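# Breakdown of the fold
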Amino acid sequence: MVMCAFVQGKTICLPPLKIEETYKDGYSCMLDGYTKSYDKIVELGKDDVNKYNIYIKFGCSENISNKKST
């Protein structure tokens, strides 16, 4: 998950925050990603989100380190 702001014509992003949870499928990951993003935006508050044009982006990827090759 990455939180960014658009300030004075420039996009500034904080270092990515890796969520160490595992999910049974992409659908579950996406739902939780949107929930966590929503919660963070609410936590930051309307004034700061609007003042700094804050947005959050995230992605879900499959952990292939535990897969066996065939």
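Just so you know, these numbers come straight off a predicted model, no measurement behind them. Sequence order as written defines residue numbering, which begins from 1 separately in each chain. Local features in a predicted model are, by the rule used here, given only for residues with pLDDT of at least 70; side-chain atom pairs are given and counted only at 80 or more, and totals for whole chains, interfaces and linings are based on all residues. Only heavy atoms go into the side-chain values, all of them from the structure, while hydrogens and water stay out.

### Digging into the pattern of salt bridges
Spelled out, the test is: Here a salt bridge means any side-chain nitrogen of Lys or Arg lying within 4 Å of a carboxyl oxygen belonging to Asp or Glu. The helix count covers DSSP runs of H or I at least four residues long, the strand count covers runs of E at least two residues long, and both are numbered beginning at the N terminus.
For the structure on display, the rule yields 3 salt bridges. A salt bridge links lysine 36 to aspartate 32, with the shortest nitrogen-to-oxygen separation between them at 3.0 Å. With lysine 36 and aspartate 32 both in helix α1 (residues 26-44), this residue pair falls 4 residues apart, about one helical turn. Several salt bridges share partner residues, and in doing so they unite Glu21, Asp32 and Lys36 into one network.

### Side note on the state of the cysteines
Short version of the rule: Our working definition of a disulfide is a cysteine sulfur pair at a distance within 2.5 Å. Working definition: with a 1.4 Å probe on protein chains only, accessible area under 20% of the residue-type maximum means buried, over 50% means exposed, and in between means partly exposed.
The tally for this structure, following the rule as stated, stands at 2 disulfides. Disulfide pairing is shown between cysteine 29 and cysteine 60; the S-S distance is 2.0 Å. Taking the torsion about the sulfur-sulfur bond, which here is approximately -95 degrees, the covalent link between cysteine 29 and cysteine 60 counts as left-handed. A residue pair is termed long-range when its members are at least 10 positions apart, and cysteine 29 in helix α1 and cysteine 60 in the segment after β3 (55-57) qualify at 31 residues. Cysteine 29 gets classed as buried once you look at its relative accessible area, which sits at 14%. Since its relative accessible area comes to 30%, cysteine 60 is described here as partly exposed. In the protein, the cysteines engaged in disulfides, taken in order along the sequence, are linked 1-2, 3-4.

### As for the packing of aromatic side chains
Just so we agree on the cut-off: The aromatic pairing rule takes the rings of Phe, Tyr and Trp, using the six-membered ring of Trp, and pairs them if the centres are within 6.5 Å, calling planes under 30 degrees apart stacked, those over 60 edge-to-face and the rest tilted.
A full pass over the atoms with the stated rule returns 1 aromatic pair. Judged by centre distance (4.9 Å) and plane angle (80 degrees), the ring pair of tyrosine 34 and phenylalanine 58 falls under edge-to-face. Residue tyrosine 34 is found in helix α1, and its partner phenylalanine 58 is found in the segment after β3; the two are separated by 24 residues along the sequence.

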